[in-house]
Every structure is written in C-alpha cells, then in structure tokens.
Amino acid sequence: VDLSKTIWAFASLGCHPSEKLLNRLRWRSLDVASILKPREVANILWALATMHIPTGHQLASALSQRCLATLQQFNPQDVSNVLWALAKSRQPPPS
C-alpha cells in the first residue's frame with residue numbers, strides 16, 4: 001500500500017482516520033521520509049493540511065529536509081501543493 005496515497009485518499013474523501021490510525025500513518029511517514037518521492041511528500045503535506053491535522057515538529061522537519069534534498073525533482077504541481085499545505089498549516093517553507 002502506498003502510504004502517501006492512503007493519506008491522500010482520506011483527505012480527498014473527506015474522511016478522518018481514527019486517532020490510532022492517524023498516529024500510525026504519521027509515524028510511518030516519519031520512518032520513510034528520507035526515501036519519499038516529491039509527489040509523496042506533497043501528497044502527505046497536502047492531505048494533512050486539508051484534514052486540518054498538524055504534522056508535528058518531527059514529521060514537518062523530516063518532510064522539509066526531504067523537500068530540500070529532492071527539490072530538483074519537484075514538478076510545478078508538487079511545489080504548489082507543498083506551498084499551499086505549508087501556508088494552510090502556517091508552517092514556514094523549508095530553508
């Protein structure tokens with residue numbers, strides 16, 4: 001199962017996972033953050049912001065680091081989704 005697509009599907013359907021499942025999804029996202037593709041990073045950030053779910057400092061930091069590490073691979077839609085999610089969640093962009 002693709003983690004980012006699972007989180008994205010919850011947000012797209014307007015469904016909120018249980019707190020237990022949400023915590024597992026966030027921890028798993030943190031575990032794999034260093035190998036995520038740009039679209040996966042964008043999907044996770046977009047979905048959490050859409051559901052008004054805070055990323056948490058550790059996950060936000062890990063995903064921001066991944067954004068910077070793979071910046072050259074981001075397409076315009078991915079950049080747009082990440083920036084929208086950061087603005088929506090009031091998180092500063094990666095620097």
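The structure presented is a predicted model; accordingly, all values stated were derived computationally and were not measured. (Residues numbered from 1 in each chain as written. Predicted model: local features only at pLDDT ≥ 70, side-chain atom pairs only at ≥ 80, totals over all residues. Heavy atoms only, no water.)

Asker: What exactly am I supposed to notice about the environment of Trp84 here?
Answerer: Residue placement: Trp84 occurs in helix H5 (residues 76-88). Here the alpha-carbon distance between Trp84 and His57, two residues 27 residues apart in the chain, equals 18 Å. (Helix = DSSP H or I, 4+ residues; strand = E, 2+ residues; numbered from the N terminus.)

Asker: Is there a simple way to think about helix H4 (residues 57-69) in this case?
Answerer: In an α-helix there are 3.6 residues to a turn, and that puts residues three or four apart on one side. Helix length check: H4, at 13 residues, gives a terminal C-alpha distance of 18 Å against a target of 18 Å (1.5 Å per residue), a fit within 8%. Taken residue by residue, H4 has Leu59, Ala60, Ala62, Leu63, Ser64, Arg66 and Cys67 as its buried positions. Structurally, H4 contributes buried residues whose contacts are with helix H2 (19-32), helix H3 (38-50) and H5. (Expected span 1.5 Å × (residues − 1). Buried < 20%, exposed > 50% of the residue type's maximum accessible area, 1.4 Å probe, protein only. Contact = heavy atoms within 4.5 Å.)

Asker: Can you walk me through the packing of helix H1 (residues 3-13) against H2 in this structure?
Answerer: Relative placement of two packed helices is described by the angle separating their axes and the distance separating the axes. H2 packs onto H1 with a crossing angle of 145 degrees between their chain directions and a minimal axis gap of 10 Å. Judged by the sense of rotation from one axis to the other, the crossing of H1 with H2 is left-handed. From H1, Leu3, Thr6, Ile7 and Phe10 reach across to H2, where they touch Leu21, Leu25, Arg28, Ser29 and Val32. Looking at the contact of H1 with H2 residue by residue, the class counts come to six nonpolar, two polar and one charged. (Axes fitted to C-alpha atoms, helices over the stretch in contact; angles between N-to-C directions. Left-handed = near helix turned anticlockwise from the far one by under 90°. Nonpolar A, V, L, I, M, F, W, Y, C, P; charged D, E, K, R; others polar.)

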